[in-house]
Amino acid sequence: MFSAQRLAVALSLLTLGYLTLPVLVFLAGWLWWPWALSSTALTVTAFGLLAKRILATPNLTGVYVDALVPWHTLFLSLLPLSALTLISGVGGYGPGNIDWVKHHAVLYDLVSQPWPVTYSLPVGRAALVYNVAYYLPAAVVGKVWGWAAANHALFATTLLGAWLVSLWLAVFCPRHTLLAVGVFTFFSGMDSLGFLLHFPVPHRIDFLLHQTHIDWWTAAWQLPAHLTGIFWSPQHTFAAWLATALLLHVYWRDCHFGVEWFLVALLLFWSPFVAVGALPFAWLVRRMRTAPLPEASPRTRWDRVPAIAAIVLAIVGLLFYAAHYPEIPSNQFGVPQPATTPANGFFFAAKPPNQPSEWSAALQEYVLCAALEFGLLALVLTANRHALVPRERRVLLVSTLFLLGLMLFRYGFYNDLVMRASLPALFALSLLLVLSLPQIRTPASRTFIVLIFAFGMFTPLLSIRGNLESLSRAPSLWRCPQGMHLTLAASQYRRDYPLILSQYLTRTENLFFRVFAKKITP
């Protein structure tokens, strides 16, 4: 038997370390040595102080925090996400999808080129400016032991992330751990119902069953299933899940780690959109504490170090991503200009004001998407308020309102803002569903939840079937990915080639690369 409280302390340390280590590699590898030395020392000091606070945390409060979890339950809880990671395509394990071409290309360039990574384009030198934190530990391994080792390391770090997420579910639901893992693994919005309503083609059910990726049933938004995050974008997904788990743990258990803003700053290097999605939960932690500070933890001058480190990391991260502006025009990548890209900004602003039908159709699509992806579930949980304690109800309210507001904006050709910033709130909703299930007694509510979950399960099941079919045709489970540079790999996306490159590359004549970064190797 393992104490959920002891497991929570260990996971808090491991999660913080998992998110911090790649950021330290970035600071050391990208910044000019005076900036690298000072920022790295500050970040290490902040991590040490936060680790000390975590270890000194007194007995936690909250439901089931003193529960014991059997060892065999912990072991079994690791299996579902481990199996899915094994067939996801990460590091060459499993067949993967088209996105893994560019994932492996980013890793290959991080392994094979000096840092910061640069490219020669028709417009001159361009630098890789992307959320590279996910790839950096594997890239360090690859620089020492080679390309194959880098791919094994990428799989290992992803698998570790999956294990940490599974163990967090055991902490939050120690008495229903296996139920929590099962619901979490297959959690999704009702994409299948949206697909059937959105595509009125003959034999629509047969058409649906022949798909493998139905999250995009509406072209305007994608609020991804949990499994979609593992198969397509683990560089965003695992950081979002782990950071949200730690923030919810701190909030629900009234811990005084002071970790919230440091955590958001770390997320900037993993995914700036996920950092945006974590802000509401950091605000909850900061503004709604009720327990007094432990008397054994008096204030000292060192208490401000994590906040100072968060400010420094945020400045570095924002300057790094600000290098994208102004963007390299997509017609300057030496290939034909792509089709017109959707406008960024307020979603309804792109609709012609003199055509009410456009506004009406857009509003209907917004309401339908919000209802099927999270709204109906949120309504059922709200109707069963007794199943959640007050702090859990606040998380439900904040998550729902954030998602409703987030969908009013779009950014990126594929609306990456909604796709990535929604991850923390969707994680919170899936966790609230698991926490409330044992307490919901009314047959109508249970039936409604079963229907929502059943329609949602189609999305992960179709994805799993597609990967297993591809795996059955593959010569082996693992195959070393081909090492190719990002500029070559992006050409496999055909008409989207310039859009892919403009998302990853930027000019080097900007403040970050002129003042803060290492001298770029020609």
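## As for the overall build of the chain
A tally of regular secondary structure across the chain gives 22 helices and 7 strands. Within the chain, buried positions represent 55% of all 522 residues. Restricting to contacts in the chain with at least 6 residues of sequence separation, those with at least 24 account for 80%. Working note: accessible area of the chain is about 22100 Å², and carbon and sulfur atoms make up 67% of it.

## Regarding the packing of aromatic side chains
To describe a pair of aromatic rings, you give the distance between the ring centres and the angle between the ring planes. Enumeration over the complete set of coordinates arrives at 21 aromatic pairs. One aromatic cluster in this structure is built from F26, W30, W115, F269, F320, Y321, F512 and F513.

## As for the sheet that holds strand 4 (residues 124-128)
Here 3 strands make up an open sheet; going across it, the order is 3-4-7 and the pairing antiparallel. Of all strands in the sheet, those bounded by a partner on one side alone are strand 3 (118-121) and strand 7 (505-507). Strand-to-strand twist of the sheet, defined as the mean angle between neighbouring strand axes without regard to direction, takes the value 40 degrees. Bridge analysis of strand 4 against strand 7 gives 3 bridges, and the strand direction is antiparallel.

## Focus on the nonpolar core
F26, L110, L128 and F512 are the most contacted members of the largest nonpolar core, which has 167 residues in total. Top contributing element to this core by residue count: helix 6 (residues 147-172), with 15 residues. Each residue touching F512, except ones within four places of it in the same chain, is listed here: F26, W30, L31, V316, L319, F320 and A517.

## Looking at the confidence of the model for the chain
Per-residue pLDDT for the chain averages 85, and the proportion of residues at 70 or more is 85%. Here residues 335-340 is modelled with pLDDT under 50, and outside its nearest four sequence neighbours on either side it reaches 10 contacts, counting other chains as well.

## So, the environment of N131
Residue position: N131 is located in the loop between strand 4 and helix 5 (136-145). Taking the relative accessible area as the measure of exposure, N131 reaches 5% and is therefore buried. Residues N131 and Y321 lie 190 residues apart in sequence; the distance between their C-alpha atoms is 8.6 Å. Among all residues touching N131, those that are not within four sequence positions of it are Q235, H236, F269, W270, S271, P272 and Y321. One polar contact links the side chain of N131 to the main-chain carbonyl oxygen of W270, over a distance of 3.2 Å.

## Structural notes on the pattern of salt bridges
The full count for this structure, using the stated rule, is 3 salt bridges. Close ionic contact of R286 with E260 constitutes a salt bridge, the shortest N to O distance being 3.2 Å. Remark: E260 occurs in helix 12 (residues 260-270) and R286 occurs in helix 13 (residues 272-287); sequence separation between them is 26 residues. Accessibility expressed as a relative area gives 1% for E260, which makes it buried. Here E469 makes a salt bridge to R465, at a shortest N to O gap of 3.8 Å. Of this pair, E469 and R465 both sit in helix 19 (residues 443-473), 4 residues apart, roughly one helical turn. E469 sits in the partly exposed class, given a relative accessible area of 39%. Relative accessible area serves as the criterion here: at 29%, R465 is assigned to the partly exposed category.

## Quick word on the environment of A138
Tracing the chain through its elements places A138 in helix 5. When the C-alpha positions of A138 and F155 are compared, they lie 8.6 Å apart, and in sequence the two are 17 residues distant. Apart from residues lying up to four places away in sequence, A138 is in contact with L107, A150, A153 and L154.

## Concerning the packing of helix 12 against helix 13
Interhelical geometry of helix 12 versus helix 13 gives an angle of 175 degrees and a closest axis separation of 8 Å. When the interaxial angle is binned, helix 12 and helix 13 end up roughly antiparallel. Contacts between helix 12 and helix 13 pair E260, W261, V264, L267 and L268 from the former with P272, V274, A275, A278, L279, A282, W283, V285 and R286 from the latter. Grouping the amino acids of the contact of helix 12 with helix 13 by side-chain chemistry returns 12 nonpolar, no polar and 2 charged.

## Notes on the pairing of strand 4
For strand 3 and strand 4, the ladder comprises 4 bridges, and the chain directions are antiparallel. Opposite S120, over in strand 4, you have R125 as the bridge partner.

## Regarding a nonpolar patch on the surface
The grouping of W32, W33, W35, L37, L511 and V515 at the surface amounts to a nonpolar patch, some 650 Å² of accessible area in total. Those elements that provide at least two residues to the nonpolar patch are helix 2 (33-55) and helix 22 (511-516). In terms of residue count, the dominant contributor to the nonpolar patch is helix 2 (3 residues). Here L511 is to be found in helix 22. Overall, the relative accessible area of 39% leaves L511 in the partly exposed class.

## Considering the packing of helix 1 (residues 4-30) against helix 2
Remark: helix 1 packs on helix 2, axes separated minimally by 10 Å, with the N-to-C direction vectors making an angle of 180 degrees. The angle between helix 1 and helix 2 falls in the class roughly antiparallel. On helix 2, the residues that touch V9, S12, L13, L16, G17, T20, L24, L27 and A28 of helix 1 are A36, S39, T40, T43, V44, F47, L50, A51, I54 and L55. Here the residues of the contact of helix 1 with helix 2 are counted per class, giving 13 nonpolar, 6 polar and no charged.

Rules used in this analysis
- Residues numbered from 1 in each chain as written.
- Predicted model: local features only at pLDDT ≥ 70, side-chain atom pairs only at ≥ 80, totals over all residues.
- Heavy atoms only, no water.
- Helix = DSSP H or I, 4+ residues; strand = E, 2+ residues; numbered from the N terminus.
- Buried < 20%, exposed > 50% of the residue type's maximum accessible area, 1.4 Å probe, protein only.
- Contact = heavy atoms within 4.5 Å.
- Areas by Shrake-Rupley, 256 points an atom, 1.4 Å probe, with all protein chains shown as cover.
- Phe/Tyr/Trp six-rings, centres within 6.5 Å; stacked < 30°, edge-to-face > 60°.
- Pairing = 2+ DSSP bridges.
- Axes fitted to C-alpha atoms, helices over the stretch in contact; angles between N-to-C directions.
- Core = buried A, V, L, I, M, F, W, Y, C linked by side-chain atoms within 4.5 Å.
- pLDDT = per-residue confidence, 0-100.
- Polar contact = N/O pair within 3.5 Å; in protein donor to acceptor, adjacent residues only side chain to side chain.
- Salt bridge = Lys/Arg side-chain N within 4 Å of Asp/Glu carboxyl O.
- Parallel < 35°, antiparallel > 145°, perpendicular 65-115°, else oblique.
- Nonpolar A, V, L, I, M, F, W, Y, C, P; charged D, E, K, R; others polar.
- Patch = residues over 30% accessible without salt bridge, like charges linked within 9 Å, V, L, I, M, F, W, Y side chains within 5 Å.

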